[in-house]
Amino acid sequence: MTPTGPTLTPSSADLSDEQLADLLELVETGPVDLGAYTQAELAVVLGQLPALGAGFESDVLAEAVRSLAARGLLFSDPGDDFVNVVGDLGLVLALISIRLGTLDLRRGHEGPANEPWRWLISIFPGGLVAVDRIDALGLHRLSLLSSKGLADEMADRLLEGSASIPDGLEAPIPVPAATVRDVAAKAAARWQIIYQAPQSDGTMLTVDSMLLRTGTNRVDLVTRAPDGSEDYQRIAVDDDTLRDYLMQLSQLQ
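As the structure is a computational prediction, the values presented were derived from the model and not from experiment.

Peer 1: Pulling in residues and values, what's your account of the environment of Leu-34?
Peer 2: As for its position among the elements, Leu-34 is in strand S2 (residues 32-37). It is 8.9 Å that separates the C-alpha atoms of Leu-34 and Gly-87, two residues lying 53 residues apart in sequence. Excluding anything up to four places from it in sequence, Leu-34 contacts Asp-88, Leu-91, Val-92, Leu-142, Ser-143 and Leu-144.

Rendered as structure tokens:
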């Protein structure tokens, strides 16, 4: 079976409002782990999405199908053109249909080999988020969280230490693109933060920003200048302001 073969479907109908409410209540108590999968296994279920990296050969996908079937996550009735996806991956597949936007966080500096270097986050109605943590081995560790829980966790992880706002630097400072490149190259830690949400007119809302550690206690959030030019603006952030920024991103539609 390949992406051109039988159609993959969740084992049940689309999530009802009641089921979504139950999930929201569940994640309010803390993160819900959905297990770990290879990139090829996710490509079998979600398609070879550009965000995950496309181009798997058919034999690689076939092996991923066998792996998922052996774990009891895929099954079909004889002669049926549909393959049901059950368990955690079935839940993920059902949730994708109501996704409002995605948040992509990428580490641009050296980090521990056992820590994720990229976080792919899907935003759903009501403040539910699904997180895909990608590590150096290419494993995708999936979990469900609340948007507030995610903002708390990611603010701490992205800052990677103390951060404070110097007096008089509460407002954004305009900076040219050349300065941003120079500062980013010298930064002790770098994260790229990309938020995307499809619009009703077929366009894509995209907010691209960077988080740069430029001093022992100084971290700057760099975003595009609001005048639509090629320049940028930078503003010092601390734990609270970065958490607020991530929450605002997750609410953009």
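Having seen the structure, we can now continue with the description.
Peer 1: Mind laying out the packing of helix H5 (residues 147-159) against helix H7 (residues 239-250), listing which residues take part and the relevant values?
Peer 2: Two numbers describe how H5 lies on H7: the axes approach to 9 Å, and their chain directions differ by 130°. As the angle between them shows, H5 and H7 are arranged oblique. For H5 against H7, the interelement crossing comes out right-handed. In this structure, H5 contributes Ser-147, Lys-148, Ala-151, Asp-152, Met-154, Ala-155, Asp-156, Leu-158 and Leu-159 to the contact, and H7 contributes Asp-239, Leu-242, Arg-243, Leu-246, Met-247 and Ser-250.

Peer 1: With reference to specific residues and values, describe the sheet that holds strand S11 (residues 204-213).
Peer 2: Strand order in the open sheet made by the ten strands is S2-S8-S7-S6-S5-S10-S11-S12-S13-S9, with antiparallel pairing throughout. Strands with a single pairing partner mark the edges of an open sheet, and in this sheet they are S2 and strand S9 (173-175). Neighbour-to-neighbour, the strand axes of this sheet turn through a mean angle of 20°, independent of strand direction. Sheet topology places strand S5 (residues 101-107) next to strand S10 (residues 189-198); six bridges connect them, and they run antiparallel. The partner of Arg-106 across the bridge, within S10, is Gln-192.

Peer 1: Account for the pairing of strand S12 (residues 219-224), naming residues and giving values.
Peer 2: The buried fraction of S12 amounts to five of the six residues, a majority that puts the element mostly inside the structure. In this structure, S11 lies alongside S12, joined through five bridges in antiparallel fashion. Its bridge partner lying in S12, Leu-211 is registered against Leu-221. As consecutive antiparallel partners, S11 and S12 are separated by five residues. Examined bridge by bridge, S12 and strand S13 (residues 232-236) share five bridges and lie antiparallel to one another. If you follow Thr-223 over to S13, its bridge partner there is Gln-233.

Peer 1: I'd like a description of the nonpolar core, backed by residues and values.
Peer 2: In terms of nonpolar packing, the biggest core is built from 30 residues, with Tyr-37, Leu-68, Leu-89, Leu-95, Leu-128, Leu-142 and Leu-144 touching the most fellow members. Sorting the residues of this core by element identifies helix H1 (17-27), S2, helix H2 (39-46), helix H3 (58-70), strand S4 (82-85), helix H4 (87-96), strand S7 (128-134) and strand S8 (140-146) as the ones contributing at least two each. Within the second largest apolar cluster, 27 residues are counted, among which are Leu-105, Ile-121, Leu-158 and Trp-191.

Peer 1: Mind laying out the side chain of Arg-133, listing which residues take part and the relevant values?
Peer 2: Here Arg-133 lies in strand S7. Overall, Arg-133 belongs to the buried group, its relative accessible area being 16%. A distance of 3.1 Å separates the side chain of Arg-133 from the side chain of Glu-153, its partner in a polar contact. Aside from chain neighbours lying at most four places away, what touches Arg-133 is Pro-116, Arg-118, Trp-119, Leu-139, His-140, Arg-141, Ser-143, Leu-145 and Glu-153.

Peer 1: Just give me the short version of the packing of H2 against H3, but keep the residues and values in it.
Peer 2: The interhelical angle for the contact between H2 and H3, taken along N-to-C directions, is 85°, at an axis separation of 8 Å. Our classification of the angle between H2 and H3 gives roughly perpendicular. Together, Ala-40, Glu-41, Ala-43, Val-44 and Val-45 of H2 and Val-60, Leu-61, Ala-64, Val-65, Ser-67 and Leu-68 of H3 make up the contact between the two elements.

What counts, and where the lines are drawn
Residues numbered from 1 in each chain as written. Predicted model: local features only at pLDDT ≥ 70, side-chain atom pairs only at ≥ 80, totals over all residues. Heavy atoms only, no water. Helix = DSSP H or I, 4+ residues; strand = E, 2+ residues; numbered from the N terminus. Contact = heavy atoms within 4.5 Å. Axes fitted to C-alpha atoms, helices over the stretch in contact; angles between N-to-C directions. Parallel < 35°, antiparallel > 145°, perpendicular 65-115°, else oblique. Left-handed = near helix turned anticlockwise from the far one by under 90°. Pairing = 2+ DSSP bridges. Buried < 20%, exposed > 50% of the residue type's maximum accessible area, 1.4 Å probe, protein only. Core = buried A, V, L, I, M, F, W, Y, C linked by side-chain atoms within 4.5 Å. Polar contact = N/O pair within 3.5 Å; in protein donor to acceptor, adjacent residues only side chain to side chain.

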